[in-house]
Number of protein chains: 2
Amino acid sequence: MSRYAIGVDFGTETGRAVLVDCSDGRELGVAVYPYRNGVIDERLPPPNEDVALEAEWALQDPADYVRTFQETIPRLLAETGVSPVEVIGLGIDFTSCTMLPTTADGTPLCLLEDFEREPHAWVKLWKHHAAQPEADRINEVATNRGEPWLRRYGGKISSEWFFAKALQILHEAPHVYRRAGRLIEAADWVVWQLTGVETRNSCTAGYKAMWSKRDGFPADGYFAALDPDFEHVIDQKMSRRIVPIGSRAGGLSERAASWTGLRAGTPVAVANVDAHVSAPAATVTAPGTMVIIMGTSNCHILLGAEPRTVEGMCGVVEDGVIPGLFGFEAGQSAVGDIFAWFAAHAVPKEYHEQARQRGVDTHRLLEDEAARRRPGESGLLALDWWNGNRSILVDADLSGLLLGLTLSTTAPDIYRSLIEATAYGTRVIVDAFVTAGVPVNAIVACGGLPERNKLLMQIYADVMGRDLVVAASKQTPALGSAMFGAVAAGSAGGGYDSIVEAAEHMAFLGHERFVPVPAHRAPYDRLFAEYVRLHDYFGRGGNTVMERLKSIARQASTA
Amino acid sequence: MSRYAIGVDFGTETGRAVLVDCSDGRELGVAVYPYRNGVIDERLPPPNEDVALEAEWALQDPADYVRTFQETIPRLLAETGVSPVEVIGLGIDFTSCTMLPTTADGTPLCLLEDFEREPHAWVKLWKHHAAQPEADRINEVATNRGEPWLRRYGGKISSEWFFAKALQILHEAPHVYRRAGRLIEAADWVVWQLTGVETRNSCTAGYKAMWSKRDGFPADGYFAALDPDFEHVIDQKMSRRIVPIGSRAGGLSERAASWTGLRAGTPVAVANVDAHVSAPAATVTAPGTMVIIMGTSNCHILLGAEPRTVEGMCGVVEDGVIPGLFGFEAGQSAVGDIFAWFAAHAVPKEYHEQARQRGVDTHRLLEDEAARRRPGESGLLALDWWNGNRSILVDADLSGLLLGLTLSTTAPDIYRSLIEATAYGTRVIVDAFVTAGVPVNAIVACGGLPERNKLLMQIYADVMGRDLVVAASKQTPALGSAMFGAVAAGSAGGGYDSIVEAAEHMAFLGHERFVPVPAHRAPYDRLFAEYVRLHDYFGRGGNTVMERLKSIARQASTA
């Protein structure tokens, strides 16, 4: 009998299910569900569309997650002709931190009539940025108390993370906070819906909720210092029982079986996060190889045998990526987003027209033109901080810089300098790991960008002086989730007993390899030295003009 | 009898003649001649179009200057109905340094059959930039010898100036140099053509040829140190007799009378330079008021009663602008050019389309959108060095910088930040004068930009905290030349005995006054402080990355 696993990847705009052959990783089919209510960032969905949201808010509708299961899995079975008895396991991954308040039995508060018009009752999406005051407080109190866990997160907690969002609910909607029996990651919530069992995974707990396998959560006294009513948030609203990823959360409930067409009892894996689940799907299950998930932003995942303090990491979590290892995460907060901004806001008409004439998109035309330039030829240098700097400076108030402009500068010149800047940013992160004693011997890329932009891959190879290979799958998160589904089944259930074993059979690298061009090494080393000098000047206190300009801008827009 | 004067302004692409009423400055008519051979920067004009020019070359055809007289003045007389007997004087102004080699009788070498295919025999236009090695040598030797005149020019001679161009002829085409009986500013050459008398004016001699009223030219020993064959360049190819501007060069020759339809003997003024002649045309004939000629670049003219050393000036020349006073000149090497670059290279399609729909040009649309922003609201800050920095840093290898970019930045945001950057650049220059003890009590603008861009004028007023007024004439150089024509006639000839007196009757300010908005002062003071900090860091040796990037770029493009 054939053995298949299904992975479901919950993204920002869509849910995507992939059906994978457990014997060889072949992806037989994919089904995508665009969320009915998408990203909710201006007003609540009907019938409550008269409720407007404040700036920086971003919500989702939990019903869209259930609909994802209902819409995609039956279609996947129908289109591939695979029988439910052949599906041995199911895994999911999610954006994070995406969290919601529910009743004690897991009902989202926003689905209760009393709370449906209350924005704080809805799912707070990862990019909900309205909890900055709470994040500031979390950081200030932690710094003052000398909380030891702070260093695991590069010294700073993001407003996107769990306790900032939870504290915002307490501050702004205490009745919602009180009514919430549970505060939970959406990742864990959907697994609860599938299995009827509440579990909490080690990946989101570790990377987004300051939990560690050795020390657990911060002490109640710390939470009390944030707000007296927050003291018992862990015991009252969450759980101290954290389950390592790679575990089985439970079997599919009768209800979820009816949603999906799968058999009740089908093994379901503990939830995971999109970036982190990509590592084994890109073949990486051991220290020494960095995975870079390249898309609108870059996420860097690296495994280590021991805990290390690496400057400006997003986090280091034991069991966070692969059980038994420390998973380091770093990030660049805008990459593809910068190129998209550039194409939308700074490219003159003629390039769009030329692209149309050649039947390619504007990015492709710019890439072709930029590829004709030699390293350094344009005289341009950029700092890739259009959306702040996540690693290694951890400063959201940094901003983009473009230097070397002349009357001869063209759009492809700038486009290339932006690609180069993101490559320098990656090299800074790689160097930080190596300096901290976490070896980086190889790099694997995955995500949307490596497929779309070959020039970018070549420039990354040239700038770092390292070979780059690309994961074979174009949908590594969903593949990774399917692999964890196979692990939930275990060898006894036709799957695998560990994610390492699953990766050996189900994950592959593509054939393409980007090798540094020897003649490009010297100019890029010189340009990288210039980048680092500007990086340190603007990012390490030499001139905090970027922060001051943001402060002036905030004053001007509220004046 | 009515009394009129004609001013002819020789620009980069056209020659323009204006007929002005001497009693009240009224401009009765204008005639423009677009040069047949324009700017010659790729190949010589027919029949020698097979001769290609090297990069950075820019030539003109002296026959175009004669044609300007032949084409414009008869048309002006015909269209205005003014009789030649009513034209009491003629003045001209020119771009500078624009120079040519001629025979001893003033015949341009490029008009000789033996030399017409020799690029060095043609007129070198002000923006001919191929003499940089010669300029470097001029500066190096002057610095090593401690030449005292160097400080009058901000410590650096430009490749655009007279001796760099002359030395390039000697180095690259010694036969042309030997054959040249004269090396002469085109400004003086056209006056020679009008009068039959060779004169050399104090303005170009002072600003472009290191001459001063008190010390004359640099010593022969200095020229010998540049090249032994250059030792006697002054006595062999030029003249030590420099005539102050405001003098009469001579009367119109019979030949020139036949070209123009004017009477032989009509008084002709000594030549002048477009920027400098604008000062009296903008009513400025005394210390304390700065004139800013705003166009593709900005030129700042200020008068002083005494010589002063002001940081980074283009030059200070006694009798250079108004006889009896010291004329200070400073400059910003790109202003309108930056906005033109931006509109051509970095503005997305939608703005061009919106502009078309509204029936305005793209600049106007950007200006309207940018005007809606508050100072500082965009969070952007730029350094306006797209074409290097002329004053006060005197460094052509500096380049443009844009800082504060985010994913929300729009084209109008950037456009406004570019305008602001040029305003900060002007404020730096004004501050340098004040610091050096040359008072700036008022500012008058003229040139093309003040008419076209009201937002720019308002931002300049806001950034400097000073009122700005605009000259009434839209063609101040030609008006100024006509005024000098009236002075050449003298009161005995129906004109005036000094340019001061001419200005009192013929030059006026417009009614528009740009007054600083009080609420904009504080944010612009803060932003200016940030500009100065970046200006000093990148411009005064804190980080010479801009120069290094240009050096890397030069290596890359020749690799």
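(A) Examining the sheet that holds strand β17 (residues 400–405) of chain B more closely. The strand order across the open sheet built from four strands is β16(A)-β17(A)-β17(B)-β16(B), with neighbouring strands paired in antiparallel fashion. The open sheet has two edge strands, β16 (381–383) of chain A together with β16 (381–383) of chain B, and neither has a second partner. Pairwise comparison of adjacent strand axes, ignoring direction, gives a mean angle of 10° for this sheet. Here strand β17 (residues 400–405) of chain A pairs with β17(B) via five bridges, running antiparallel. Its bridge partner lying in β17(B), A:Leu402 is registered against B:Leu402. Lying on the sheet, helix α14 (residues 411–435) of chain A is in contact with β16 and β17 of chain A; it crosses β16(A) at an angle near 55°. Against the sheet, helix α20 (residues 545–558) of chain A contacts β16 and β17 of chain A together with β16 and β17 of chain B, and its axis sits at roughly 60° relative to β17(B).

(B) Helix α12 (residues 349–358) of chain B, seen in detail. Residue and element names in this part refer to chain B. For α12, the full list of buried residues reads Tyr 351, His 352 and Ala 355. The buried residues of α12 occupy one face: seen down the axis, they fall within an arc of 100°. Of the exposed residues in α12, those oriented more than 90 degrees away from the buried face are Arg 356 and Gln 357. Summarising the contacts, the buried residues of α12 are in contact with α11 (336–345), α13 (362–371) and α14 (411–435).

(C) Focus on the pattern of salt bridges. This structure, assessed with the given rule, holds 60 salt bridges over all chains. Across the pair A:Glu311 and A:Arg540 runs a salt bridge, and its minimum N-O distance is 2.5 Å. Of this pair, A:Glu311 sits in the loop between β13 (298–304) and β14 (315–318) while A:Arg540 sits in the loop between α19 (518–539) and α20, and the two are 229 residues apart along the sequence. When its relative accessible area of 41% is taken as the criterion, A:Arg540 is described as partly exposed. Linking B:Glu306 and B:Arg308 is a salt bridge whose minimum nitrogen-to-oxygen distance equals 3.4 Å. Under the relative-accessibility criterion, B:Glu306 is labelled partly exposed at 45%. One salt-bridge network, held together by shared partners, links A:Arg358, A:Glu369, A:Arg372, A:Arg373 and A:Asp413.

(D) Structural context of the interface of chain A and chain B. Contact with chain A, which involves 54 residues of that partner, is made by 53 residues of chain B. Taken over both partners, the interface formed by chain A and chain B buries close to 4600 Å², and the fraction arising from carbon and sulfur atoms is 61%. When residues of chain A are sorted by the area they lose upon contact with chain B, A:Leu405, A:Leu407 and A:Leu549 head the list and together hold 14% of the total. The tally of links between chain A and chain B comes to two salt bridges. Of the charged contacts in the structure, one is a salt bridge between B:Glu530 and A:Arg548, with a shortest N-O distance of 2.4 Å. The tally of links from chain A across to chain B stands at 21 residue pairs in polar contact (both at pLDDT 80 or more).

(E) Up close: the pairing of strand β2 (residues 14–21) of chain B. All names here are of chain B. Most of β2 sits inside the fold, with six of its eight residues counted as buried. With seven bridges connecting them, strand β1 (residues 4–10) and β2 associate as antiparallel partners. Paired with Val 8 across the strands is Ala 17, a residue of β2. Counting the residues between successive antiparallel strands, the hairpin from β1 to β2 contains three residues. In this structure, β2 lies alongside strand β3 (residues 27–34), joined through seven bridges in antiparallel fashion. Bridging from a neighbouring strand, Val 18 pairs with Val 30 of β3. A loop of five residues connects β2 with β3, the two strands running antiparallel in sequence, and Gly 25 in this loop sits at a positive phi of about 75°.

(F) Spotlight on the packing of aromatic side chains. Applying the stated criterion to the full structure yields 52 aromatic pairs over all chains. For the pair A:Phe342 and A:Tyr415, a centre-to-centre distance of 6.1 Å together with 35° between the ring planes defines the contact as tilted. Remark: A:Tyr415 occurs in helix α14 and A:Phe342 occurs in helix α11 (residues 336–345); sequence separation between them is 73 residues. Overall, A:Tyr415 belongs to the buried group, its relative accessible area being 1%. Judged by centre distance (6.4 Å) and plane angle (65°), the rings of B:Tyr424 and B:Tyr524 are edge-to-face. With B:Tyr424 in helix α14 and B:Tyr524 in helix α19 (residues 518–539), this pair connects stretches of sequence that are 100 residues apart. Across this residue pair, the class does not change: B:Tyr424 and B:Tyr524 are buried. An aromatic cluster is defined as three or more aromatic residues linked by ring pairs; in this entry it consists of A:Trp149, A:Phe162, A:Phe163, A:Tyr177, A:Phe217, A:Tyr222, A:Phe223 and A:Phe230.

(G) Structural detail: the packing of α13(B) against α14(B). Residues and elements named next belong to chain B. Contact pair α13 / α14: the axes reach a minimum separation of 8 Å and the direction vectors enclose 90°. Looking at the two axes, α13 sits roughly perpendicular to α14. Here α13 contributes His 363, Leu 366, Glu 367, Glu 369, Ala 370 and Ala 371 to the contact with α14, which in turn contributes Ala 411, Pro 412, Tyr 415 and Arg 416. Split into classes, the residues belonging to the contact of α13 with α14 amount to six nonpolar, one polar and three charged.

(H) The environment of B:Leu252, seen in detail. Residues and elements named next belong to chain B. For Leu 252, the location among the structural elements is in the loop between β9 (248–251) and α9 (254–260). We classify Leu 252 as buried; its relative accessible area is 4%. Taking C-alpha positions, Leu 252 is 4.9 Å from Ala 264, a pair spaced 12 residues apart along the chain. Setting aside its immediate chain neighbours within four residues, Leu 252 contacts Leu 90, Leu 194, Ala 257, Thr 260, Leu 262, Arg 263, Ala 264, Gly 265, Thr 266 and Val 268.

(I) How the structure looks around the pairing of β17(B). All names here are of chain B. In terms of residue burial, β17 counts as a mostly covered element, since six of its six residues are buried. Alignment of β16 against β17, held across three bridges, turns out to be antiparallel. Pairing of Leu 383 across the sheet is with Leu 401, part of β17.

(J) How the structure looks around the environment of A:Leu402. When you line up the elements, A:Leu402 lands in strand β17. Judged by its relative accessible area of 6%, A:Leu402 falls in the buried class. Considered as a pair, A:Leu402 and A:Leu380 are 22 residues apart in the sequence and their alpha carbons are 7.1 Å apart. Once residues lying within four places of it in the same chain are set aside, the contact partners of A:Leu402 are A:Leu381, A:Ala382, A:Ile414, A:Ser417, B:Gly400, B:Leu401, B:Leu402 and B:Leu405.

(K) Molecular detail of the relation of the copies chain A and chain B. Screw-axis analysis of chain A against chain B gives a translation of 0.1 Å along the axis, an RMSD of 0.1 Å, and a rotation angle of 180°. Here the transformation between the copies is reduced to the relation of a two-fold axis. With an isologous cut-off of 70% or more, the 98% of interface residues of chain A that recur at the interface of chain B puts this contact in the isologous class.

(L) Spatial organisation of the sheet that holds β14(A). Residue and element names in this part refer to chain A. Here seven strands make up an open sheet; going across it, the order is β14-β15-β13-β12-β18-β19-β20 and the pairing mixed. Both outer strands of the open sheet, β14 and β20 (509–514), are each paired with one neighbouring strand and no more. Neighbour-to-neighbour, the strand axes of the sheet open up by a mean angle of 25°, direction not taken into account. Here strand β12 (residues 288–294) runs beside strand β18 (residues 440–446); their pairing, made up of six bridges, is parallel. Following the sheet pairing, Ile 293 is matched in β18 by Cys 446.

(M) Representation of helix α13 (residues 362–371) of chain A within the structure. For α13(A), the full list of buried residues reads A:Thr362, A:Leu365, A:Leu366, A:Glu367, A:Glu369 and A:Ala370. Buried residues in α13(A) make contact with α11, α12 (349–358), α14, α15 (448–452) and α16 (454–464) of chain A.

(N) Structural context of the environment of A:Arg255. Of note, A:Arg255 is situated in helix α9 (residues 254–260). Separated by 62 residues in the primary sequence, A:Arg255 and A:Gln193 place their C-alpha atoms 8.7 Å from one another.

(O) Structural detail: unusual backbone geometry. A cis amide bond links A:Pro46 with the next residue in sequence, A:Pro47, at an omega value of 10°. Along the chain, A:Pro47 turns up in the loop between β3 (27–34) and β4 (59–60). Cis geometry marks the peptide bond from B:Ser391 to B:Ile392, where omega comes out at 5°. Notably, B:Met210 is not glycine yet its phi reads approximately 60°, a positive angle. If you trace the backbone, B:Met210 turns up in the loop between α6 (202–208) and α7 (220–226). Judged by relative accessible area, which is 2%, B:Met210 ranks as buried.

Parameters at a glance
Sequence order sets the numbering: in each chain, residues are counted from 1 along the sequence as written. Lettering of chains starts at A and numbering of ligands starts at 1, both following the order in which they are written. The predicted nature of this model means local features are confined to residues of pLDDT at least 70 and side-chain atom pairs, given and counted, to a pLDDT of 80 or more, with totals for whole chains, interfaces and linings taken over all residues. Side-chain calculation: all heavy atoms of the structure are included, whereas hydrogens and water are not. Paired strands, in this sense, are two strands between which DSSP finds at least two bridges. Numbering of helices and strands runs from the N terminus, with a helix taken as a DSSP run of H or I at least four residues long and a strand as a DSSP run of E at least two residues long. Interaxial angle, 0 to 180 degrees, is taken between N-to-C directions of lines fitted to C-alpha atoms, where a helix line uses only the stretch in contact. Residues count as neighbours in contact if any of their non-hydrogen atoms are within 4.5 Å of one another. The rule is simple: take the accessible area with a 1.4 Å probe, protein chains only, and divide by the maximum for that residue type; under 20% is buried, over 50% is exposed, in between is partly exposed. Arc, as used here, means the arc of the directions from the helix axis to the C-beta atoms. For this document, the term salt bridge refers to a Lys or Arg side-chain nitrogen within 4 Å of an Asp or Glu carboxyl oxygen. When two components associate, each loses some accessible surface as probed by a 1.4 Å sphere; the sum of these losses over both components is called the buried area. N or O atoms closer than or at 3.5 Å make up a polar contact, with two conditions inside protein: a donor-capable atom paired with an acceptor-capable one, and, for residues adjacent in sequence, both atoms drawn from side chains. Two rings belonging to Phe, Tyr or Trp (six-membered ring only in the last case) form a pair when the distance between their centres is within 6.5 Å. Interplanar angles under 30 degrees mark stacking, angles over 60 mark edge-to-face geometry, and anything in between is tilted. Angles are sorted into four bins: roughly parallel if under 35 degrees, roughly antiparallel if over 145, roughly perpendicular if 65 to 115, and oblique for all others. Basically, the charged four are Asp, Glu, Lys and Arg, the nonpolar ten are Ala, Val, Leu, Ile, Met, Phe, Trp, Tyr, Cys and Pro, and anything else, Gly included, counts as polar. When the copies are superposed, the least-squares fit takes in the C-alpha atoms of residues with a pLDDT of at least 70 in both.

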